[in-house]
Amino acid sequence: QVQLVESGGGLVQPGGSLRLSCAASGIIFSINNMGWYRQAPGKARELVATITRGGSTNYADSVKGRFTISRDNAKNTVYLQMNSLKPDDTAVYYCNLDTRPYIRPYWGQGTQVTVSS
């Protein structure tokens with residue numbers, strides 16, 4: 001059974017930093033793309049950042065220059081370093097991955113990030 005376990009969320013003041021981690025287990029096939037999405041109250045889930053197995057990255061315009069996505073293929077883990085956090089970054093953050101061959105997207109349970117003074 002595939003499991004994605006996120007950690008690292010919490011409460012931080014504006015301008016602060018957090019580092020999210022997501023460790024995947026139970027994966028039979030090779031992990032292809034990994035990513036982070038977020039959902040704020042009353043809003044749709046949106047892409048934050050993605051990273052391919054080879055390390056190519058993609059970011060939402062709203063987080064470019066502030067967030068960095070990375071991964072450790074040996075540990076089946078993806079990270080999201082979030083700097084210069086703003087109140088608008090407040091949301092539940094979900095990690096996501098797919099495999100090669102593609103079966104379906106897999107999602108974590110989410111971790112709450114709250115940016116407030």
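Up top is the structure these notes are about.
Everything numeric in this text was worked out from a predicted model, so none of it was measured.

Peer 1: Mind laying out the environment of Asn76, listing which residues take part and the relevant values?
Peer 2: Along the polypeptide, Asn76 turns up in the loop between β7 (67-72) and β8 (77-82). Considered as a pair, Asn76 and Ile31 are 45 residues apart in the sequence and their alpha carbons are 7.6 Å apart. Sequence-distant contacts of Asn76, defined by excluding residues within four places in its chain, comprise Cys22, Ala23, Ala24, Ile31 and Met34.

Peer 1: With reference to specific residues and values, describe unusual backbone geometry.
Peer 2: Phi is mostly negative for residues that are not glycine, and the peptide bonds are mostly trans. A cis amide bond links Arg100 to the next residue, Pro101, at an omega of 5°. Position of Pro101 among the secondary structure elements: in the loop between β9 (91-100) and β10 (106-107).

Peer 1: Account for the nonpolar core, with residues named and values stated.
Peer 2: Formed by 30 residues in total, the largest nonpolar core has its most connected members in Trp36, Leu80, Met82 and Tyr93. Among the secondary structure elements, those contributing two or more residues to this core are β3 (18-25), β4 (30-39), β5 (46-51), β7, β8, β9 and β11 (111-115). Residues within four places of Leu80 in sequence aside, it is in contact with Leu18, Arg19, Leu20, Trp36, Val48, Ala49, Phe67, Thr68, Ile69 and Tyr93.

Peer 1: Mind laying out the state of the cysteines, listing which residues take part and the relevant values?
Peer 2: Under the counting rule described, the total for this entry stands at one disulfide. A sulfur-sulfur separation of 1.9 Å characterises the disulfide bridge that pairs Cys22 with Cys95. Of this pair, Cys22 sits in strand β3 while Cys95 sits in strand β9, and the two are 73 residues apart along the sequence. Comparing Cys22 with Cys95 shows no difference in burial state: the two are buried.

Peer 1: Kindly report on the side chain of Arg71, identifying the contributing residues and their values.
Peer 2: Within the secondary structure, Arg71 is located in strand β7. Here Arg71 is buried and forms no salt bridge, its nearest opposite-charge partner Asp98 lying at an N-O distance of 7.7 Å. Side-chain polar atoms of Arg71 contact the backbone oxygen of Asn32, separated by 2.7 Å. Among the polar contacts listed, one links the side chain of Arg71 to the backbone oxygen of Ile51, at a separation of 3.3 Å. Ignoring sequence-local partners within four residues, the contact set of Arg71 consists of Ile31, Asn32, Asn33, Met34, Ile51, Thr52, Arg53, Thr77, Val78 and Tyr79.

Rules used in this analysis
- Residues numbered from 1 in each chain as written.
- Predicted model: local features only at pLDDT ≥ 70, side-chain atom pairs only at ≥ 80, totals over all residues.
- Heavy atoms only, no water.
- Helix = DSSP H or I, 4+ residues; strand = E, 2+ residues; numbered from the N terminus.
- Contact = heavy atoms within 4.5 Å.
- Core = buried A, V, L, I, M, F, W, Y, C linked by side-chain atoms within 4.5 Å.
- Buried < 20%, exposed > 50% of the residue type's maximum accessible area, 1.4 Å probe, protein only.
- Disulfide = S-S within 2.5 Å.
- Lys, Arg positive; Asp, Glu negative; His and termini not counted.
- Salt bridge = Lys/Arg side-chain N within 4 Å of Asp/Glu carboxyl O.
- Polar contact = N/O pair within 3.5 Å; in protein donor to acceptor, adjacent residues only side chain to side chain.

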